Amino acid sequence: GSAAVAAGRKPRGHLAVVFGAAVGCLGLSPRRAARIFMYLTLRDTLSAATRLNLIGPLEAAAALRRCSARAERMSSQAAAAAAAAAAAASPRHTDLSGDGGTGVPVAVVAVVARAAATSPLTDILQGGHDSLYSRLFSS
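A brief report on the enclosed structure follows. On a predicted model such as this, the values are computed, not experimentally measured, just so you know. (Residues numbered from 1 in each chain as written. Predicted model: local features only at pLDDT ≥ 70, side-chain atom pairs only at ≥ 80, totals over all residues. Heavy atoms only, no water.)

### Examining the packing of helix H2 (residues 15–26) against helix H3 (residues 30–51)
Our working rule: Note on geometry: axes are lines fitted to C-alpha atoms, helical ones only across the stretch in contact, with angles between N-to-C directions running from 0 to 180 degrees. Numbering of helices and strands runs from the N terminus, with a helix taken as a DSSP run of H or I at least four residues long and a strand as a DSSP run of E at least two residues long. Oblique is the label for any angle not under 35 degrees, not over 145, and not in the 65 to 115 range, which are roughly parallel, roughly antiparallel and roughly perpendicular in turn. Should the near helix be turned anticlockwise from the far one by less than a right angle, the crossing is left-handed, and should it be turned clockwise, the crossing is right-handed. Any pair of residues with heavy atoms lying within 4.5 Å of one another is described as a contacting pair. Each residue receives one of three labels: charged for Asp, Glu, Lys and Arg, nonpolar for Ala, Val, Leu, Ile, Met, Phe, Trp, Tyr, Cys and Pro, and polar for the others, Gly being one of them.
Interhelical geometry of H2 versus H3 gives an angle of 140° and a closest axis separation of 11 Å. Taken together, the axes of H2 and H3 lie oblique to each other. Here H2 and H3 pass one another in a crossing that is right-handed. Judged by residue contacts, Leu15, Ala16, Phe19 and Val23 of H2 engage Ala33, Ile36, Phe37 and Leu40 from H3. Residue classes in the contact of H2 with H3 are distributed as eight nonpolar, no polar and no charged.

Next comes the structure, spelled out in structure tokens:
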């Protein structure tokens, strides 16, 4: 988590986990972190569509503008859900297995328990993209 990043160790995990650790180290609020993550996700998706020649750069900018109000609502909902989970949790959880004393916050345990990969096959295939002879992106 953010302790590993602060200690200078290489974080391991998916983008959302590493992003959360990084913004945790920076001390950003959950609302601001959610807004930044939403913007980066939209920007990267539209950038990929532009590089694949599915849309042009002006259309990508217009799409980003069209999506901005909904993205703002979604990031607000995500931040509110995180705040509600933290408020509903007791101050500290003793251990994920119940037999130790790691001091993991209960809100973290609740969020991790609900985490899921929505497309594991895509994640696996994505990992081999750089070894393909004909890649979609050469960058």
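From this point, the discussion proceeds with the structure in view.
### A short note on the packing of H3 against helix H4 (residues 57–88)
At their nearest, the axes of H3 and H4 sit 9 Å apart, and the two run at 150° to each other. Between H3 and H4, the crossing angle belongs to the class labelled roughly antiparallel. Handedness of the H3/H4 crossing: right-handed. Of the residues in H4, those touching H3 at Pro30, Arg31, Ala34, Arg35, Met38, Tyr39, Leu42, Leu46 and Thr50 are Pro57, Ala60, Ala63, Leu64, Cys67, Ala71, Glu72, Met74, Ser75, Ser76, Ala78 and Ala79.

### Notes on a nonpolar patch on the surface
Note the following rule: Patches here: salt-bridge-free residues with over 30% relative accessible area, like charges joined within 9 Å, nonpolar side chains (Val, Leu, Ile, Met, Phe, Trp, Tyr) joined within 5 Å. Residue-level accessible areas treat just the shown protein chains as cover; the underlying method is Shrake-Rupley with a 1.4 Å probe. Think of a salt bridge as a Lys or Arg side-chain nitrogen and an Asp or Glu carboxyl oxygen that are within 4 Å of each other.
On the surface, a cluster of nonpolar side chains totalling about 360 Å² of accessible area is made up of Leu121, Ile124 and Leu125. Looking at where Ile124 falls in the secondary structure, it is placed in helix H6 (residues 120–127).

### A look at the side chain of Ser75
What counts here: Summary of the burial criterion: residues with accessible area below 20% of their type's maximum are buried, those above 50% are exposed, and those between are partly exposed, where the area comes from a 1.4 Å probe applied to protein chains only.
Relative to the assigned elements, Ser75 resides in helix H4. With relative accessibility at 2%, the residue Ser75 sits in the buried group. The contact partners of Ser75, leaving out residues within four places of it in the chain, are Arg31, Ala34, Arg35 and Met38.

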